[in-house]
Amino acid sequence: MIKSLNSKILNVIILIGIFITGVLLLATPMISIALCKTQVPISQLNSIMINVSICVYLCFIPYMISLFKLKKLCRLIIKNIPFTMASSKALKTISICSFSEIIIFAGCLLYLKYFVSPFNDTLIIPAILVVTFVCLVIGLLCLTLSQLFETATKIKDENDKTI
């Protein structure tokens, strides 16, 4: 009962995360305009807004794929069938998305720093290091769990066939 309740709570949290991410994604152009209005001439505002929005949307893609795969995992847990190949594949996808996020995020920050004038003086190395560390840990954890779930699924299938 508690396991099912925890799974449902996690599912609700993921749905809230997807909703908040969608709202923030739609608000990205307005937020970037508001932040840049005081520091940038109006003639450069549109190009900066486009560059920042493209970078945010690029970083958004693997993040959102991971959220939907996590939702799929929650659905499998709620149905009480967590040890399937689908859960292993979902965890592999999350790990690939996490590793790709490192490259996309670092590339976007480097692009903004060197090609978009208001970002020339910003310190990007700490942000890249933090995101790299977090994504690396999440990616390795999901990859390890994927292998664990795959092995557990094979053992479960073998046990189901022998009984």
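One can find the structure itself at the top, above this paragraph.
This section reports on the structure supplied with the text. Per-chain numbering applies: the sequence of each chain, read as written, is numbered from 1 onward. Local features in a predicted model are, by the rule used here, given only for residues with pLDDT of at least 70; side-chain atom pairs are given and counted only at 80 or more, and totals for whole chains, interfaces and linings are based on all residues. To obtain the side-chain values, all non-hydrogen atoms of the structure were included, while hydrogens and water were left out.

Take unusual backbone geometry next. Here the phi dihedral of N80 falls at roughly 65°; this positive angle occurs in a residue that is not glycine. Exposure remark for N80: the relative accessible area of 60% places this residue in the exposed category. Exposure categories follow from relative accessible area, calculated using a 1.4 Å probe and restricted to protein chains: below 20% of the type maximum is buried, above 50% is exposed, and the middle band is partly exposed.

Each pair of aromatic rings taken from Phe, Tyr and Trp, with Trp reduced to its six-membered ring, is defined by centres within 6.5 Å and is described as stacked if the planes are under 30 degrees apart, edge-to-face if over 60, and tilted in the remaining cases. Applying the stated criterion across every chain yields a total of 2 aromatic pairs. Between F83 and F149 the ring centres are 5.2 Å apart and the planes differ by 40°, which places this aromatic pair in the tilted class. Residue F83 is located in the loop between α2 (42-78) and α3 (85-115), and its partner F149 is located in helix α4 (residues 125-162); the two are separated by 66 residues in the primary sequence. Note on geometry: a ring has a charge over it if NZ (lysine) or CZ (arginine) is within 6 Å of the ring centre and within 35 degrees of the ring normal. Above the plane of the ring of Y114 lies K113, whose end atom (NZ or CZ) is 6.0 Å from the centre. Comment: elements are numbered from the N terminus, with helices defined as DSSP H or I runs of at least four residues and strands as E runs of at least two.

Okay, α2 next. Compared with the 54 Å implied by 1.5 Å per residue over 37 residues, the 52 Å span of α2 between its first and last C-alpha is a close match. The first or second residue beyond α2 is N80, which carries a positive phi of 65°. Every helix has an expected span of 1.5 Å times one less than the residues it contains.

On to the pattern of salt bridges. Pairing between side chains of opposite charge can happen when the charged atoms of each approach one another. Within this document, salt bridges are pairs made up of a side-chain nitrogen of Lys or Arg and a carboxyl oxygen of Asp or Glu, the two lying within 4 Å of each other. In total, this model carries 3 salt bridges according to the counting rule given. Across the salt bridge formed by E150 and K92, the nearest N and O atoms sit 3.1 Å from each other. Of the two residues, E150 is situated in helix α4 and K92 in helix α3; the sequence distance between them amounts to 58 residues. On the basis of relative accessibility, which here comes to 15%, the residue E150 falls in the buried class. Classification of K92 as partly exposed rests on a relative accessible area of 31%.

So, about the state of the cysteines. We call a pair of cysteine sulfur atoms a disulfide when they lie within 2.5 Å. Scanning all chains against the criterion turns up 0 disulfides. Of all cysteine sulfurs in the structure, the one in C108 sits closest to C55, which takes part in no disulfide; the separation is 3.7 Å. Unpaired in terms of disulfides, C59 finds its nearest cysteine sulfur in C108, a separation of 4.3 Å.

Before going further, it helps to examine the nonpolar core. The term nonpolar core refers to a set of buried residues drawn from Ala, Val, Leu, Ile, Met, Phe, Trp, Tyr and Cys, joined through side-chain atoms within 4.5 Å. Counting residues in each nonpolar core, the largest one holds 15 residues, and the members touching the most others are C36, I48, L109, L112 and I128. When residues of this core are traced back to their parent elements, those giving at least two are α2 and α3. Beyond its immediate stretch of four places on either side in the chain, C36 contacts L45 and I48. The next biggest cluster of nonpolar side chains, apart from the first, holds 7 residues, and it includes I18, L25, L67 and C74. The contact criterion used is simple: two residues touch if any of their non-hydrogen atoms lie within 4.5 Å.

Looking now at the packing of α3 against α4. Interaxial distance between α3 and α4 falls to 8 Å at its minimum, and their mutual angle equals 165°. Here α3 is positioned roughly antiparallel relative to α4, judged by the angle of their axes. Viewed along their axes, α3 and α4 form a crossing whose handedness is left-handed. Amino acids are sorted into nonpolar (Ala, Val, Leu, Ile, Met, Phe, Trp, Tyr, Cys and Pro), charged (Asp, Glu, Lys and Arg) and polar (every other residue, Gly among them). Looking at the contact of α3 with α4, its residues break down into 20 nonpolar, 9 polar and 3 charged. In this analysis an axis means a line fitted to C-alpha atoms, helices contributing only their contacting stretch, and an angle means the value between N-to-C directions, from 0 to 180 degrees. Angle categories: roughly parallel below 35 degrees, roughly antiparallel above 145, roughly perpendicular from 65 to 115, and oblique for all the rest. Whether a crossing is left-handed or right-handed is set by the direction in which the near helix is turned from the far one by less than a right angle, anticlockwise for left-handed and clockwise for right-handed.

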